[in-house]
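So the chains spell out like this:
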Amino acid sequence: MDVRRGQRTVIDPKVRQVGFVPAGATRPPARSHSVPTDACSSSPPAPELPLSGSSLSPVMIPPPRHSSADGLPSLSRSAASPVPIPASPLRRDTVQIPIGSYNPSESVLGSSPMISPSSRLDAVSEFSDEVPTSAWLGRSGSGKFASSFPSSSGEMMTMKITGGGSGGGGNTPKSSLTTASVVKALPGVSEKDRGALIEVQNEGISKPQKQKTSKAERRAIQEAQRAAKAAAKEAGEAVKPSASSGGALPASKQGKVVKPSSQKKDGPQVTAPVVPSEKKVGDRIPDKDRKKDVPHPRMQFDDKHRVEKAKRRAVVNQSEARNRVELFRHLPQYIHGTQLPDLESKFFQLDPMHPSVYKVGLQYLSGVISGGNARCIAMLLAFQEAIKDYSTPPEKALVRDLTAKISSYVSFLIECRPLSISMGNAIKFLKNRIAKLPHTLSESEAKSSLQSDIDRFINEKIVIADKVIVGHAVTKIRDGDILLTYGSSSVVEMILLYAHELGKQFRVVLVDSRPKLEGQALLHRLVAKGLNCTYTHINAISYVMQEVTRVFLGASSVLSNGTVYSRVGTACVAMVANAFQIPVLICCEAYKFHERVQLDSICSNELGDPDVISKVAGRNDLNHLESWADNENLQLLNLIYDATPSDYVSMIITDYGMIPPTSVPVIVREYRREHLWI
Amino acid sequence: MMDFQVVVLAGGTAKKLAPLVSKEVPKALLPVANRPVLSYVLELLESSNLKDLIVVVEGEDAALRVGGWISGAYVDRLHVEVAAVPEDVGTAGALRAVAHHLTANDVLIVSGDLVSDVPPGAVAATHRRHGAVVTTLLCYAPVSGPSDTGSSAGKDKVKKSRYNIVGLDPTRQLLLHIAAGAEVEKDIRVQKNILRAVGQLEIRADLMDAHMYAFKRTVLQDVLDQKDTFHSIRQDVLPYLVRTQLRSEISANGLHKVEDNANGRVSSQNYVTWMSQHREIAPSAYQELLALSPRSPENALRTHKCCAYIASKSKYCARLNSIQAFSDINRDVVGEASHLSGYSFSSQNNIIHPSAELGSKTTVGPQCMLAEGSQMGDKCSVKRSIIGRHCRIGSNVKIVNSVVMNHVTIEDGCLVQGSVICSNVHLQERVVLKDCQISPM
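Below or above, wherever it landed, is the structure these notes cover. Computed from a predicted structure; not experimentally measured.

1. Brief notes about the overall build of chain B
- Within chain B one finds 13 helices and 28 strands.
- Taking the contacts inside chain B whose residues are at least 6 apart along the sequence as the reference set, 59% of them involve residues at least 24 apart.
- Total accessible area on chain B stands at roughly 17200 Å², and carbon and sulfur atoms take up 49% of it.

Right under this line is the structure:
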């Protein structure tokens, strides 16, 4: 993959040609690849620096506070400016750039986050045309919902009450209960219990907060230090250019030397291991928002100390798998099959967990619920239930206590299965809503407001968003098309079904892969609806791709450098499609966008059960890998996700329209400010 | 507690256990390793942090006795409410009588004669995970060792009634068919639509219904209200629910209500269809039927799920519902399932209370239990037996594979083999007992 990257400037710019196509427009998404090549390679003729400066911001993925602040504070600039630079020395060796100044030539050669300035400008201007309308639409929608919710919630509550009355109030007791044994020292015991519980909760509250602040500090320090380090390195490398060599080397370097790269690669990325020694309180930012915006450093599972610590806190008993692949040691991997029975048997012991949250956790763990949207909806509905049953303990503030509760639920869910990015966004939204609750609200009002917020989120960001996406995507399906999809994406399914309902004549090629074979269920449903389908496995991708005219793919997340983070295999499909010059359309709701930048699928991924790939269902004779865990020389790798570089993506269909992958940061920024954070 | 309520059905004076149970000793108080059998269930629940229990006992007298014992033994530990129901109302009737006390979302119903170490949480969690209407605990019937008792014909019968014919889906999570082993003589009838829904049905005869059920409360109450002829949970309610899982009549409104509650709003319908469209709950092809059926939510909700939790083979699980089972369980609890008894075993793998007195040349073998205050004369031999409190046993007595309850007097030279001797029995000299049950009445 990396080897290809060196040569792929050829295909790079076609994205821009697709541009920002409005919903109605039926411009074919860039069948012409050769044309833009020249356009691009000629387009960045050493552009004016001021322009690059101004257009830097959409690419930079600054944490929102930067973009929202009117004038960029000096610190945020200094923190943000090194972002593209640390990435460059590793990836390219065109390093002789002084810090701070933006070199456009780099952006041409440069990989994913770099966009040729002209196109970027295009995107921005086009986008600014687009945004107000969509913003307006979204807002009007939200207003409507908000107004409709309170009444319905009232209705629901009354219904609940009557239900309870009929259930509990049987006035003719057929048999009375005689209390045989009461816990005698009830008050004492319960008090003790409560004391313990409060203590626990206190711990729960205070600990994360403490951690948070320290993390925030550390982040600030780290960013500053990283900037300094990068500067030093730049300078050093500029002095001795011996470090830079051929084009193939950096690729291999990047592949092998993961550790340093993961440290340096990222600006606002999260994978950087926290260095505890850098703890002095330097330029700490007291701003509260900052704390919230700073992403949590992801747990590094090769850090034994912290893993031990986390284990002690964990609810789910996790025994770590042996024989882990070296590159992926920082990701959690547990022996599958041990967690579920353990968690199930502890069902009644977990007092503070709300039943509905517990249920969702179990469903994640057992794989009953999978798929980004379904998981997110299930989680939000569980939180909604939990909020409904929530009552503020005495002498506590709802805002704080509920936030702590939600955090504890979230950490439980993470133990069951790592969160997807979309879920992270939803949680952020919910926590933000809790934090922003007006203090004048009573508890019940606050609760119903939060519940309606959750409903609104599900409705607007997922259900309606899907409808909009379907509407957009259908315009890209023409009669006689042969559409290829991979795996089982809910949105793509809706698109195909809707297009079929509209009477479009097309055929579907469904590509699937072991071990989950999720596509089969989709195939079943599509065929049942009368669609004409071809089913194949990903091994045959290069053959089936020949006849395909369009590729529709779902995504777990789209990152702000346009990288599509999706089910493993997606990158392969996209690359093959690209090689055959077939447009790749990614269908993804905007709530799944994330400001993170990711260049590979190593630093952040999820590991599945390795046993699944060692066994073949129904073929007991294929047991060559039977006792693989005992063989130290063998490691199995079952990745769940992969990252598709934006170059292979022609277009992202989202609820704000059809955008090139380069416009993702704009969406991330605007979406944040305009919708999510109201 | 996780929105679960627990009902323990402790039974009354079961006729099946005729000589063993009596007015003084209802079934729930039958001793297993010198502890009432009910204590095993209560402690299992207690260890799962389930401390608010409703114990239903048949018969006022029995209820008084059980209540008295519980209040003595579990004061400060459990919050137990005892309800007395008339005799012979059956398990369904017993539940009907306490139905109005049930308020939680789900109800865990445990038989009081269960001796097991399967965590009830596992059943409850499976129930929750699938959003099932009923989840039942199935376990591999205990491997009873070569028992020296009982004629082969009798054993056969026991075996048949103990096992169930169970139909499961390929993932072994959905319960598709259940029938008591004794009922099945010639053929099993399986509904076509269920078969079509799952594609593959696995029928097993090595599983036993352990009488631990998690029910959705609304559904349970609906069934009990509507079908007032139902007598037993195991024989009526459960098969009924399993039978009707694809054309559910009762649960249609009940489920609907619940779903509405869960999702709350005007748009709830929207989510429900959305979620069902995306297989919120699809462990297998089972859901395909939902997807194929006309896509109205009414229709989709007309089905309900019956699930099974299959305990692993390493877990012990037995029900004290026959005399054979009584001796088996007593033997197992001091034998292979000794962790259940709660006693610490000596190095000889037996339990001899310090206050017990042994004569010279008396041997107590492994897997035996000798409770407090019992005295044994010289040259006695005890093998694989349980001897209760304050028994007086003379010299030259052999006790093999037997259960001797409290305050029993056995005079010199007796031979007791494979028998159960109830409390206060007096055996005179040189009695030879084989496969007998002796009670003072």
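2. Side note on the overall build of chain A
- On a plain count of helices and strands, chain A comes out with 26 helices and 12 strands.
- Counting only residues that meet the buried cut, chain A has 54% of its 678 residues in that class.
- In chain A, of all internal contacts separated by at least 6 residues, the share reaching a separation of at least 24 is 80%.
- Within the structure as shown, chain A displays about 29700 Å² of accessible surface, and the carbon and sulfur contribution to it stands at 57%.

3. Details of the packing of aromatic side chains
- Tallying each qualifying case throughout the model produces eight aromatic pairs over all chains.
- Seen in terms of ring centroids, Phe230(B) and Tyr240(B) are 5.4 Å apart; in terms of plane orientation they differ by 70 degrees. Their pairing is edge-to-face. Residue Phe230(B) is found in the loop between α7 (217-226) and α8 (233-243), and its partner Tyr240(B) is found in helix α8; the two are separated by 10 residues along the sequence. Like Phe230(B), the residue Tyr240(B) is buried in the burial classification.
- In textbook terms, an aromatic cluster arises when at least three aromatic residues are bridged by ring pairs, as seen for Phe429(A), Phe457(A) and Tyr591(A).
- Directly above the aromatic system of Tyr364(A) lies the positively charged group of Arg375(A), at a separation of 5.4 Å from the ring centroid.
- Sitting above the plane of the Tyr40(B) ring, Arg35(B) keeps its charged end 4.1 Å from the centroid.

4. Here's the deal with the pairing of strand β5 (residues 79-85) of chain B
Residues and elements named next belong to chain B.
- The element β5 is largely enclosed, with a buried count of five among its seven residues.
- Note that strand β4 (residues 52-58) and β5 share seven bridges and pair parallel. Looking at the pairing, Val55 lines up with Val82 of β5.
- In this fold, the crossover linking β4 to β5 by way of helix α2 (residues 60-73) has right-handed handedness.

5. A word on unusual backbone geometry
- Put simply, Arg514(A) and Pro515(A) share a cis peptide bond, and its omega is -5 degrees.
- Among the structural elements, Pro515(A) can be located in the loop between β3 (506-512) and α22 (518-528).
- Phi angles above zero are rare outside glycine, and Asn34(B) is one such case at about 60 degrees.
- By the element assignment, Asn34(B) lies in the loop between β2 (31-32) and β3 (35-36).
- A relative accessible area of 6% means that Asn34(B) is categorised as buried.
- Of note in this structure, Asn424(B) is not a glycine but carries a positive phi near 65 degrees.
- Note that Asn424(B) resides in the loop between β25 (420-421) and β26 (426-427).

Cut-offs used in this document
- Residues numbered from 1 in each chain as written.
- Chains lettered and ligands numbered in written order.
- Predicted model: local features only at pLDDT ≥ 70, side-chain atom pairs only at ≥ 80, totals over all residues.
- Heavy atoms only, no water.
- Helix = DSSP H or I, 4+ residues; strand = E, 2+ residues; numbered from the N terminus.
- Contact = heavy atoms within 4.5 Å.
- Areas by Shrake-Rupley, 256 points an atom, 1.4 Å probe, with all protein chains shown as cover.
- Buried < 20%, exposed > 50% of the residue type's maximum accessible area, 1.4 Å probe, protein only.
- Phe/Tyr/Trp six-rings, centres within 6.5 Å; stacked < 30°, edge-to-face > 60°.
- Lys NZ or Arg CZ within 6 Å of the ring centre and 35° of its normal.
- Pairing = 2+ DSSP bridges.
- Right-handed = clockwise from strand over helix to strand, strands pointing away.

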